[in-house]
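If you want the building blocks of each chain, they are given just below.
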Amino acid sequence: MAFLGYLTLILVIIHFAIPLLYFVCLRRRVEDLWKLEIRNDYEPKIAVIVPTYNEAPRIKERLENIKNQNYPRKKLRVIVVDSASIDKTAEIARNWASKNRSLKVKVIEEGERRGKILALNYAFKHVPENTDVVIFTDADCKWKMDALKNAAKYFSDTSVGAVTCCIYPYEDLGKGLEDTYRYYNNMVRVAESKIWSTPIAHGPFLAFRRILLWKMGRLPTWSKADDSTPASLVVFMGYRAIAAPDVIAYEYVPVSLKGNLVRRIRRAQHLIQHFLRTRKKVREMGLEPRKPFKYIFQMEKFLHIVNPWILLSAAAPLLILVFVYELYFGLLLAGMVGLGVSVSKTLRMWLLTQVVLAYAFLKNLFGETEMWEPIRESRG
Ligand code: GDD
Ligand code: MN
């Protein structure tokens, strides 16, 4: 009986100790200086690609936000790639473009919806040859005014291949757990970037040195993580993919718990696929990662795929212990967990994430859906 107790305890300790240690190590690195030669006045030619599928309520605001960036408009062009939306997204975008000629916007349309990645690759054909940096951005987000300018400067160092943002929940909508989740997430991403690179990137703002996308032969279709996977490929190609603290994007967070969960499960599914497939593909391409990134990648893979199951498997000996031997012990424990969860937002966020990751893993096992439905309410 004591054995079951120890087993539970050890599993729980392992589950928490590893990420905690990683976090403590990273925390000291957040304040490090970038080991990069950054020229603050660097202003490359940029093409921003906005993929849309039924984004009619959002698209104008999105374009407006890009137009209002403090970046020279003559060095900027926008490509909206719409995949047969049924709500006139393309028409609205075109109208907006004709009324706002100071920003060069091109709207292209696909005849049918084939998913975000194929749409981005299609749009890529329309990126002018003299473009230095290509940025992908979702329609349901907003950049801080200086995001573009701040991101651009990192590309003045030739070792930088990709730059992604830190994400914050959209002003009033973002409440509760999403805040906590993002706080840790951003911190870890930036710290990994300062060490070398982060294996996780974000759809709301993801910038690439154009030539690398071209070398890559477009975005890979074997992973649904259309943000993290190409960013990691850039690192395997020998460049850095960094999340910058001064490149900030706000994202609409679904208000209902259900909408939030659906989205988080989907993203977790994509990330798991990314961690499972990318290394293998990279090996097939004959590429090898540099040391620090290899370890960062391994650690994140462990945290996203294995670690949730360590916690869940602790439930087995615990349940036997409680139901077969000690009911009181079980009640006591349930009370303690309940207390912890109600007091600590971080613990709540952590546990929810573990369940989401485990569920997403199972869902991946039983086959994924090809196309995802946009979560309507998140469109505000
Ligand atoms: N052209 C086109 N075609 N655009 C599409 C399609 C499509 O088939 N499907 C989705 N999009 C567009 C949406 O209109 C939006 O601008 C962007 O792609 C992201 O779609 P969301 O529906 O907002 O995705 P999400 O917020 O749940 O997913 C997030 O995580 C994904 C990775 O797991 C986003 O950041 C995605 O960009 C990211 O790929
Ligand atoms: Mn979205």
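Residues numbered from 1 in each chain as written. Chains lettered and ligands numbered in written order. Predicted model: local features only at pLDDT ≥ 70, side-chain atom pairs only at ≥ 80, totals over all residues. Heavy atoms only, no water.

A. A look at empty space enclosed by the protein. Scanning the model with the defined rule gives two cavities of 30 Å³ or more in all. Each pocket or cavity is described by its volume, and for the largest cavity that value is around 50 Å³. What lines the largest cavity is Arg58, Glu61, Arg62, Asn65, Ala139, Cys141, Lys142, Tyr170 and Tyr252. Those elements that provide at least two residues to the lining of the largest cavity are α2 (56-67) and β5 (141-143). With four residues, α2 is the single largest residue contributor to the lining of the largest cavity. In the lining of the largest cavity, the residues fall into four nonpolar, one polar and four charged. In this model, the second largest cavity occupies a volume close to 40 Å³. (1 Å grid on protein atoms, 1.4 Å probe; cavity = no way out; pocket = protein on both sides within 12 Å on 5 of 7 lines; lining within 4 Å. Points joined across faces, edges and corners; volume = space filled by probe spheres on them. Helix = DSSP H or I, 4+ residues; strand = E, 2+ residues; numbered from the N terminus. Nonpolar A, V, L, I, M, F, W, Y, C, P; charged D, E, K, R; others polar.)

B. Main features of helix α10 (residues 291-325). For α10, built from 35 residues, the straight-helix expectation of 51 Å at 1.5 Å per residue is met to within 8% by its first-to-last C-alpha distance of 48 Å. Its axis deflected by about 45 degrees at valine 306, α10 carries its strongest bend there, up to four residues before the proline proline 308. (Expected span 1.5 Å × (residues − 1). Bend = angle between axes of the 7 residues up to and from the residue.)

C. How the structure looks around the layout of surface pockets. Of the voids in this model, the second largest pocket is the one considered here, and its volume is about 720 Å³. As for the second largest pocket, its lining consists of 26 residues, of which Thr8, Val12, Leu318, Leu333 and Val337 are closest to the centre. Of all the secondary-structure elements, those providing two or more residues to the lining of the second largest pocket are α1 (2-29), α10, α11 (327-343) and α12 (345-365). A breakdown of the residues in the lining of the second largest pocket according to their chemical character gives 21 nonpolar, four polar and one charged.

D. Molecular detail of the site of ligand 1. Every one of the 23 residues lining ligand 1 counts as a neighbour, but Glu55, Lys116, Asp226, Arg266 and His270 are closest to it. The contact in question runs from an oxygen atom of ligand 1 to an N or O atom on the side chain of lysine 116, over 2.3 Å. Protein burial of ligand 1: of its 730 Å² of free accessible surface, 97% is covered by the chains. Examining the composition of the shell around ligand 1, we find that four residues originate from one element, helix α9 (residues 257-284), more than from any other. Residues belonging to the shell around ligand 1 are distributed by class as follows: seven nonpolar, five polar and eleven charged. (Near = heavy atom within 4 Å. Polar contact = N/O pair within 3.5 Å; in protein donor to acceptor, adjacent residues only side chain to side chain. Areas by Shrake-Rupley, 256 points an atom, 1.4 Å probe, with all protein chains shown as cover.)

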